Amino acid sequence: MTDNASKNNTSKPLRILVGVGGGIAAFKAAHLVRYFTERGHNVHVVPTESALNFVGAATWEALSGNPVSTTVWDDVSGVQHVRLGQEADLIVVAPATADLMARLRMGRADDLLTASCLVATCPVVIAPAMHTEMWENPATQDNVATLRSRGITVLEPAHGRLTGKDSGPGRLPEPDHIGALALAAHAQPGIFHQDLVGTRVVVTAGGTHEELDPVRFLGNASSGRQGYALADVAAQRGADVHLIAGHTEDLPTPSGARVTRISSALELKDATEQAAREADVVIMAAAVADYRPAQQADSKLKKGGEDQLEVIELVENPDILAGLVELRRAGELPEGLRIVGFAAETGDSESTPLEHAQRKFLRKGCDLLMANAVGRGKVFGQEDSAGWLITNPFGSDNPEALEVREVPAGHKLEVAGAILNALPNT
Ligand code: CTP
């Protein structure tokens, strides 16, 4: 998929209502509006009266190309107080203050934004931003829990610098990040339901670097996007997420996730096996190098001279995924641990990508495998992906008896949602 409107698996332009609460992060909503309009969507901005203290109506009108109002008393003959909410395909409130969430929870309808949310039947995504104390206050947490129980998506705030000198959870996630999560909530309703509360999920992401000397390595083209998307969706679904990240593009840290950085396959193995001891689910989305140089030079290898490198001797790296399955079998990892693998396949003259993936699934012994057909410019580094989810409901060793479910093309967040939905129960 290349055209803009098709990003996040949406081929038709959506009518998106962007609600803006009265917090300092209101300026970031300007980028969020841009994120949607650049993808061809029709945006109506509905700020609260106090949001206009931070960013004026002219900015919202110019960016969205639509009139802006805060009150139910404008355009009365057009019944605007119900029309905007009824017509919206998606409502995104960013930033949402503690006060705005309290009003939404109470079902108030005393301004255009709350009235619109009250009539909406489309997905509603709320991105809170406030000081840590306000976020952690039981009153706010109770409001968040109630809104979530009604099917509204309340995103976890990011951790980081807040308005003053303080820092902690309460920061508005970056606008592109909110935009992608919101479009995923539209494309896959229920993607952020709270089914993973109390579940400990380890996700590995990105590629490994296998060092030749202090400045050179063998690496691969993994961007880390799929692993980050998995960590993101799992965390938004309430899981306790530990992300073990190798080399990736510059991606936003999933809100609430603990992150360990590693470089080589051997470091990844140690970190993953350690983390798996205290996990319910391990998802191996990392692109692990199969081989590493047999020797790592302590100083930079030089052209010419005796040390000149003409042939790189390689040794095989351990298979971390198969190793986890083995450790579980040996009783060294919890029996109930669910282990998920990936298979990136090109296919060849003998077999299709899916046939390769089915054999790989049996070879690795994991509980669930996400298979992609890859190639130049396909899947690696892209926003979207597609493929098949493979499970073995009958414990068969025949590739043809495996269960294969197709995962339709969609944003990697949506693919992550499909993977998490397919986790086998223990
Ligand atoms: N994997 C792993 N350790 C390795 C290689 C791969 O844990 N040394 C994991 C990956 O994280 C992924 C799965 O195994 O979940 C399949 O990875 P892939 O590279 O497709 O398979 P390989 O085992 O390397 O097989 P091949 O390269 O022959 O296709």
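Taking an unreviewed UniProt entry as the reference, the protein chain is identified by name as Coenzyme A biosynthesis bifunctional protein CoaBC belonging to Corynebacterium urealyticum.

## Observations regarding the overall build of the protein chain
Assigned secondary structure in the protein chain consists of 13 helices and 19 strands. Computed over C-alpha atoms, the radius of gyration of the protein chain comes to 24 Å, within 12% of the 22 Å expected from 2.2 N^0.38 for 426 residues, which places it in the range of a compact globule. Counting only C-alpha atoms, the protein chain reaches 80 × 55 × 45 Å along its principal axes. Counting only residues that meet the buried cut, the protein chain has 52% of its 426 residues in that class. Within the protein chain, residue pairs in contact and separated by at least 24 positions form 70% of the contacts whose partners lie at least 6 positions apart. On the protein chain, roughly 19700 Å² of surface is accessible, and the fraction owed to carbon and sulfur atoms is 48%. Considering the protein chain, the positive charge centre built from 38 side chains and the negative charge centre built from 54 side chains are found 2 Å apart.

## Considering the UniProt feature "binding site: CTP" (unreviewed entry) in the protein chain
Following the UniProt record, one finds the feature "binding site: CTP" (unreviewed entry) at Asp290, Lys300, Pro318, Asp319, Ile320, Leu321, Phe342, Lys360 and Lys364. Spatial dispersion of the annotated residues is evident: they stretch over 75 residues in sequence, and the largest pairwise C-alpha distance comes to 37.6 Å. For lysine 300, the position within the fold is in the loop between strand E14 (291–293) and strand E15 (314–316). Residue class for lysine 300 comes out partly exposed when judged on its relative accessible area of 45%. Not counting residues within four places of it along the chain, the set of residues in contact with lysine 300 comprises Asp213, Pro214, Val215 and Arg216. In this fold, proline 318 is placed in the loop between E15 and helix H11 (320–329). Overall, the relative accessible area of 29% leaves proline 318 in the partly exposed class. Each residue touching proline 318, except ones within four places of it in the same chain, is listed here: Leu266, Lys269 and Arg292.

## Some words on the sheet that holds strand E18 (residues 384–391)
Within a sheet, each strand pairs with its neighbour through backbone hydrogen bonds, oriented either parallel or antiparallel. Spatial strand order, E12-E11-E8-E13-E16-E17-E18-E19: eight strands in an open sheet with mixed pairing. Among the strands making up the open sheet, the edge pair consists of strand E12 (258–261) and strand E19 (403–411). The average undirected angle you get between the axes of adjacent strands in this sheet is 20°. Here strand E8 (residues 200–205) pairs with strand E11 (residues 240–245) via six bridges, running parallel. The partner of valine 202 across the bridge, within E11, is histidine 242. The strands touched by helix H13 (residues 412–421) are strand E13 (281–284), strand E16 (338–345), strand E17 (368–373), E18 and E19; relative to E19, the strand with the most contacts, the crossing angle is about 155°.

## Section: the packing of aromatic side chains
Between two aromatic rings, the relevant description is the distance of the centres plus the angle of the planes. All told, the structure shown has one aromatic pair when counted by the stated rule. With a centroid separation of 5.7 Å and an interplanar angle of 80°, the aromatic rings of tyrosine 35 and phenylalanine 36 are classed as edge-to-face. For the pair tyrosine 35 and phenylalanine 36, a shared accessibility class is recorded, and that class is buried. The side chain of arginine 39 reaches across the aromatic face of tyrosine 35, ending 3.7 Å from its centre.

## A look at the sheet that holds strand E2 (residues 42–47)
The five strands are arranged E2-E1-E3-E4-E5 in an open sheet whose pairing can be described as parallel. One side of each edge strand has no neighbouring strand; the edge strands of this open sheet are E2 and strand E5 (153–154). Strand direction decides the pairing type here: strand E4 (residues 124–128) and E5, joined by two bridges, are parallel. Bridge pairing in E5 links valine 125 to threonine 153. Each of strand E3 (90–96), E4 and E5 is contacted by helix H4 (residues 98–106), which is oriented at about 140° to E3, the strand it contacts most.

## Looking at helix H12 (residues 353–364)
Under the 1.5 Å per step criterion, the end-to-end length of H12 is 16 Å for twelve residues, consistent within 8% with the ideal 16 Å. At its buried positions, H12 is contacted by H11, E16, E17, E18 and E19. Positive phi shows up at glycine 365, right after H12, with a value of about 80°.

## So, the domain arrangement of the protein chain
When its domains are assigned, the protein chain resolves into domain 1 (13–185) and domain 2 (198–420). Once you take the C-alpha centre of each, domain 1 and domain 2 turn out to be 36 Å apart. Each partner contributes residues to the interface: domain 1 has twelve residues there, and domain 2 has eleven residues. Taken together, both faces of the contact between domain 1 and domain 2 bury some 840 Å²; the carbon and sulfur share is 57%. Of all residues in domain 1, Glu156, His177 and Leu181 give up the largest surface area on contact with domain 2, accounting jointly for 49% of the area buried on that side. Linking domain 1 to domain 2 there are one salt bridge. Salt-bridge contacts for arginine 39 lead to glutamate 383; the nearest nitrogen and oxygen are separated by 3.6 Å. Where domain 1 meets domain 2, there are three residue pairs in polar contact (both at pLDDT 80 or more).

## Some points on the site of the ligand
In the region of the ligand, 14 residues are neighbours, and Met284, Ala286, Phe342, Lys360 and Lys364 sit closest. One nitrogen or oxygen atom from the main chain of isoleucine 320 is found 3.0 Å from a nitrogen atom belonging to the ligand. Here the ligand has 560 Å² of accessible area as a free molecule, and 78% of this is covered by the chains. Among the secondary structure elements, those contributing two or more residues to the shell around the ligand are H11, E16 and H12. Among the elements that make up the shell around the ligand, the one with the highest residue count is E16 (four residues). For the shell around the ligand, a count of residues per class yields nine nonpolar, one polar and four charged.

Each value, and the rule that gives it
- Residues numbered from 1 in each chain as written.
- Predicted model: local features only at pLDDT ≥ 70, side-chain atom pairs only at ≥ 80, totals over all residues.
- Heavy atoms only, no water.
- Helix = DSSP H or I, 4+ residues; strand = E, 2+ residues; numbered from the N terminus.
- Rg over C-alpha atoms; globule rule 2.2 N^0.38 Å.
- Buried < 20%, exposed > 50% of the residue type's maximum accessible area, 1.4 Å probe, protein only.
- Contact = heavy atoms within 4.5 Å.
- Areas by Shrake-Rupley, 256 points an atom, 1.4 Å probe, with all protein chains shown as cover.
- Lys, Arg positive; Asp, Glu negative; His and termini not counted.
- Charge placed at Lys NZ, Arg CZ, Asp CG, Glu CD.
- UniProt positions renumbered as here; feature names shortened; annotations may be inferred.
- Pairing = 2+ DSSP bridges.
- Axes fitted to C-alpha atoms, helices over the stretch in contact; angles between N-to-C directions.
- Phe/Tyr/Trp six-rings, centres within 6.5 Å; stacked < 30°, edge-to-face > 60°.
- Lys NZ or Arg CZ within 6 Å of the ring centre and 35° of its normal.
- Expected span 1.5 Å × (residues − 1).
- Domains from an automatic or database assignment.
- Buried area = accessible area lost by both parts, 1.4 Å probe.
- Salt bridge = Lys/Arg side-chain N within 4 Å of Asp/Glu carboxyl O.
- Polar contact = N/O pair within 3.5 Å; in protein donor to acceptor, adjacent residues only side chain to side chain.
- Near = heavy atom within 4 Å.
- Nonpolar A, V, L, I, M, F, W, Y, C, P; charged D, E, K, R; others polar.

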